[in-house]
Amino acid sequence: MADMIPFRALRPREDLAAKIAALPYDVYDRKEAREKVKGDAFSFLRIDRPETQFPEDYDMYAPEVYEKAREMLTEMTARGEFVQEDRPAYYVYELVMNGRSQTGICACASVDDYENNVIKKHENTRAEKEADRIRHVDICNAQTGPIFLTYRKRADIQAEVERAVTKPPLYDFTADDGIIHRVWRIDDGASVGKIREGFAKVDAVYIADGHHRCASAVRVSQMRRKENPGYTGQEAFNYFLSVIFPDDQLLIMDYNRVVKSLNGYTEEEFLKKVSEIFTTEKSDGPYRPAKKGEMGMYLKNTWYRLSVRPEMMTNDPVEDLDVSVLQRELLAPVLGILDPKNDGRIDFVGGIRGLQELERRVAADCKAAFAMYPTDIHELFAVSDAGKLMPPKSTWFEPKLRSGLFIHTLA
């Protein structure tokens, strides 16, 4: 059963929330992060990416870089730009993109639930990617970026959310990308109790996005437990910052592929190979797949609709994902791309960028592009429940949670 607890958030002062809130640290490369914070005294990206406060060629993993993050967070708190809640609370967090709303609850999830597989994963993590966030959390003594979780909707939890949003919000602002963010606090004992009891009846929680941040937060917790052998399990370091959404609220967008080489084939030869594998039809214009089992392909200024043949299906939750079928039937045997995570001949384009980005990439530096149908949330559940892992870059969630709106301090 899931243990999702209220917590005493460190959060922005109401009038500064819009200035402080920032997209997750891993949305930006180093150059983009530096440009984004230039001349900005409030963006939380400065703390999430503290190397932006040093010369361009400075070692971004040096101890003093992480100390700078801790220093900036401490200074902002001392100036009253962040305020510490005086009692535990849940927070309803609504994001609205293009008129579509999704609403979840900000809470702290149990490290024990992660270790006991109540919180289920669908991606592997890499130690070298975890190391940066481990140092950041440990030195800041705080978790600054929430993990994006989901669960199968429960009416009792949803009733408390609907009750909360009838009141004036704590925060209500539109970010510079047009996403609306609203937050309500739930701190009355009756509602807090009902929400916690509701989650206690949830059999499984799933990581939607943030596997590396989650693994890093858990690793810091494990370190703190070793440092405090008499820990009770109630300490703040036994939990990690999360926002959890019911399954019917989420938007998963397509995660598309572009390839930089046709492995020695001409465009005509490659199209012939594709047609031997998939049912292939020329499209009058850009083709966005309309259902599972369809893909769009852009090759030599022409769009095609590719359809998966029934005999390709295996009744395996991983192997039957469209991204798996493309990899297994075409990318590996024809293009020789055996390890898409590390092969420089393939790149991945989030669906938020649209089909025009695929056309642009083919015109600029690629040979072909593949537009995928989005992975369904229940496909994610099936893979996780089976204890399996999805291929790299299978899901693209929008809108992105903001960092800096909620901070979980570990002391």
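The structure contained in this document is the topic of the report that follows. It should be emphasised that the depicted structure is a prediction, and the values quoted were computed from it without experimental measurement.

## Some points on the overall build of the chain
Consideration 1: Assigned secondary structure in the chain consists of 13 helices and 21 strands.
Consideration 2: Over its C-alpha trace the chain gives a radius of gyration of 23 Å, about what one expects of a compact globule, namely 22 Å for 411 residues.
Consideration 3: Summarising its shape, the C-alpha atoms of the chain cover approximately 65 × 50 × 45 Å along the three principal directions.
Consideration 4: By residue count, 55% of the 411 residues in the chain fall in the buried class.
Consideration 5: Long-range pairs, those at least 24 residues apart, make up 77% of the contacts in the chain between residues at least 6 apart in sequence.
Consideration 6: Split by element, the accessible area of the chain, about 17,800 Å² in all, is 48% carbon and sulfur.
Consideration 7: A gap of 1 Å separates the mean positions of the 59 positive and 68 negative side-chain charges of the chain.

## So, the pairing of strand β5 (residues 100-110)
Consideration 1: In terms of residue burial, β5 counts as a mostly covered element, since nine of its eleven residues are buried.
Consideration 2: Relative to β5, strand β1 (residues 4-5) runs antiparallel, the two being bridged by two bridges. Looking across to β5, one finds that M4 is bridged to A109.
Consideration 3: Bridge count between strand β4 (residues 90-97) and β5: seven bridges; the pairing is antiparallel. Residue pairing across strands places M97 opposite R100, the latter belonging to β5.
Consideration 4: Taken together, β4 and the strand that follows it, β5, pair antiparallel across an intervening segment of two residues, in which N98 is found at a positive phi of about 55°.

## Brief notes about the side chain of Q143
Consideration 1: Counting through the fold element by element, Q143 comes out in strand β7 (residues 142-143).
Consideration 2: Within the local environment of Q143, its side chain forms a polar contact with the backbone oxygen of Y239, the two atoms lying 3.2 Å apart.
Consideration 3: Ignoring sequence-local partners within four residues, the contact set of Q143 consists of V137, A217, Y239, F240, L241, F406, I407, H408 and L410.

## Things to note about the nonpolar core
Inside soluble globular proteins, nonpolar side chains tend to come together where they are buried.
Consideration 1: Ranked by internal contacts, the top residues of the largest apolar core, which has 67 residues, are Y91, V259, F270, F278, L330, F370 and F406.
Consideration 2: Setting aside residues up to four positions removed in sequence, V259 forms contacts with L331, L335, I337, R345, I346, C366, K367, A368 and F370.
Consideration 3: By size, the runner-up hydrophobic cluster in this structure holds 31 residues, among which are M4, V118, A164 and W184.

## Some details on the packing of helix α6 (residues 127-140) against helix α9 (residues 211-227)
Consideration 1: Two numbers describe how α6 lies on α9: the axes approach to 8 Å, and their chain directions differ by 55°. As judged from the angle between their axes, α6 and α9 are oblique. Crossing hand, α6 versus α9: right-handed. Touching K129, E130, R133, I134, V137 and D138 of α6 are H212, R213, A215, S216, R219, V220, M223 and R224, all from α9.
Consideration 2: When its residues are assigned to classes, the contact of α6 with α9 shows five nonpolar, two polar and seven charged.

Parameters and conventions
- Residues numbered from 1 in each chain as written.
- Predicted model: local features only at pLDDT ≥ 70, side-chain atom pairs only at ≥ 80, totals over all residues.
- Heavy atoms only, no water.
- Helix = DSSP H or I, 4+ residues; strand = E, 2+ residues; numbered from the N terminus.
- Rg over C-alpha atoms; globule rule 2.2 N^0.38 Å.
- Buried < 20%, exposed > 50% of the residue type's maximum accessible area, 1.4 Å probe, protein only.
- Contact = heavy atoms within 4.5 Å.
- Areas by Shrake-Rupley, 256 points an atom, 1.4 Å probe, with all protein chains shown as cover.
- Lys, Arg positive; Asp, Glu negative; His and termini not counted.
- Charge placed at Lys NZ, Arg CZ, Asp CG, Glu CD.
- Pairing = 2+ DSSP bridges.
- Polar contact = N/O pair within 3.5 Å; in protein donor to acceptor, adjacent residues only side chain to side chain.
- Core = buried A, V, L, I, M, F, W, Y, C linked by side-chain atoms within 4.5 Å.
- Axes fitted to C-alpha atoms, helices over the stretch in contact; angles between N-to-C directions.
- Parallel < 35°, antiparallel > 145°, perpendicular 65-115°, else oblique.
- Left-handed = near helix turned anticlockwise from the far one by under 90°.
- Nonpolar A, V, L, I, M, F, W, Y, C, P; charged D, E, K, R; others polar.

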